[in-house]
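Okay, here's what each chain looks like letter by letter:
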Amino acid sequence: MDGVFISFEGNDGSGKTTVIEKCADVLTKKGYQVLVTREPGGTNISEQIREIILNKENKEMDVRTEALLYAASRRQHIAEVIIPALAKGYIILCDRFIDSSLAYQGHARGIGIDKVFEMNMFACEGLLPSLTVYIDVNPEVGFSRMKKDCRKLDRLELEAINFHKTVYQGYQELVKRFPNRIVSVNGDQNLEQVSSEVIDLVLKHIKK
Ligand code: TYD
């Protein structure tokens, strides 16, 4: 496969979506073929699964059901979008991937990082991003940014601050576990600075 698969991770309100857009712009202007995609979502079927997961009426959803649905959505995304785009040589910028499941379902929901990793390996067939950019933002800051955002909050975003703090701890653990893949960027600076750091990182990675 000739393409490059890069994922972006962080707490809700970390600003990663804006950073991804800026990064995509720069890469496109440099002549790269870029594909921006997201999880849960990225395909018709995955977006339908997303609706079920994030619907705030689904209060009774069991945590393992939640983890399986994220993995099912991921599987479809990999099969339908990621593998074909890698084969065509695209640079894929993916807003969340397996580490979201590890931090949110594995750590914060308490299923266990190893269990969720193993279950996701069935979905991914071993395919992982070659680089994961983690935007490290204080969970209190992310939480208040998210609350200020006027769009409607989904089922996960509606969780209390303690949940988001636990997600943050989960990410800290992942940075330690996967030092060769995950690179942490300080997200407590303005978004211009964060974006420029991320763009440098991504360009360096692509040229490798
Ligand atoms: P999304 O609406 O894309 O949030 P953001 O724009 O902040 O990235 O993601 C939906 C929520 O789903 C978000 O709170 C994180 C959560 N999530 C998981 O819990 N597990 C996962 O595997 C993924 C991909 C997302």
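Residues numbered from 1 in each chain as written. Predicted model: local features only at pLDDT ≥ 70, side-chain atom pairs only at ≥ 80, totals over all residues. Heavy atoms only, no water.

Student: What am I meant to see in helix H1 (residues 16–29) here?
Tutor: Side chains three or four residues apart in an α-helix point the same way, a direct result of the helix having 3.6 residues per turn. Over its 14 residues, H1 extends 20 Å from the first C-alpha to the last, a length consistent with the 20 Å expected when each residue adds 1.5 Å. The set of residues buried in H1 consists of Lys16, Val19, Ile20, Cys23, Ala24 and Leu27. Each buried residue of H1 sits inside an arc of 135 degrees when the element is viewed along its axis, so together they form one side. Summarising the geometry of H1, the exposed residues directed more than 90 degrees from the buried face are Glu21 and Lys29. Note on H1: the residue one or two positions beyond its end, Gly31, has a positive phi of about 95 degrees. (Helix = DSSP H or I, 4+ residues; strand = E, 2+ residues; numbered from the N terminus. Expected span 1.5 Å × (residues − 1). Buried < 20%, exposed > 50% of the residue type's maximum accessible area, 1.4 Å probe, protein only. Arc of directions from axis to C-beta.)

Student: How should I be thinking about the pairing of strand E1 (residues 4–10) in this particular structure?
Tutor: A regular strand places its side chains so that they alternate between the two faces of the sheet. Of all seven residues making up E1, seven are buried, and the element is well covered by its neighbours. Side chains of E1 alternate between two faces, with Val4, Ile6, Phe8 and Gly10 and Phe5, Ser7 and Glu9 buried alike. Alignment of E1 against strand E3 (residues 91–95), held across five bridges, turns out to be parallel. Pairing of Phe5 across the sheet is with Ile92, part of E3. When E1 meets strand E4 (residues 131–136), the two strands line up parallel, connected through five bridges. Each bridged residue has a counterpart across the sheet, and for Phe8 the counterpart in E4 is Val133. (Pairing = 2+ DSSP bridges.)

Student: I'm lost on the site of the ligand in this one. Help?
Tutor: Around the ligand sit 16 residues, and of these Lys16, Tyr70, Arg96, Ser101 and Gln105 come closest. A distance of 3.0 Å separates an oxygen atom of the ligand from a polar side-chain atom of Asp12. Burial of the ligand by the surrounding chains reaches 95%, relative to a free accessible area of 540 Å². Looking at the shell around the ligand, the elements with two or more residues in it are helix H2 (44–54), helix H3 (63–87) and helix H4 (98–108). Here the shell around the ligand is built from residues that sort into five nonpolar, three polar and eight charged. (Near = heavy atom within 4 Å. Polar contact = N/O pair within 3.5 Å; in protein donor to acceptor, adjacent residues only side chain to side chain. Areas by Shrake-Rupley, 256 points an atom, 1.4 Å probe, with all protein chains shown as cover. Nonpolar A, V, L, I, M, F, W, Y, C, P; charged D, E, K, R; others polar.)

Student: Help me understand the packing of H4 against helix H7 (residues 161–177) in this model?
Tutor: Across the interface, H4 lies against H7 with an axial gap of 8 Å and an inter-helix angle of 120 degrees. With respect to their mutual orientation, H4 and H7 come out oblique. By crossing handedness, the relation of H4 to H7 is classed as right-handed. Taking contact as the criterion, the partners of Asp99, Ser100, Leu102, Ala103, Tyr104, His107 and Ala108 in H4 are, on H7, Phe163, Thr166, Val167, Gln169, Gly170, Tyr171 and Leu174. Its residues assigned to classes, the contact of H4 with H7 shows eight nonpolar, five polar and one charged. (Axes fitted to C-alpha atoms, helices over the stretch in contact; angles between N-to-C directions. Parallel < 35°, antiparallel > 145°, perpendicular 65-115°, else oblique. Left-handed = near helix turned anticlockwise from the far one by under 90°. Contact = heavy atoms within 4.5 Å.)

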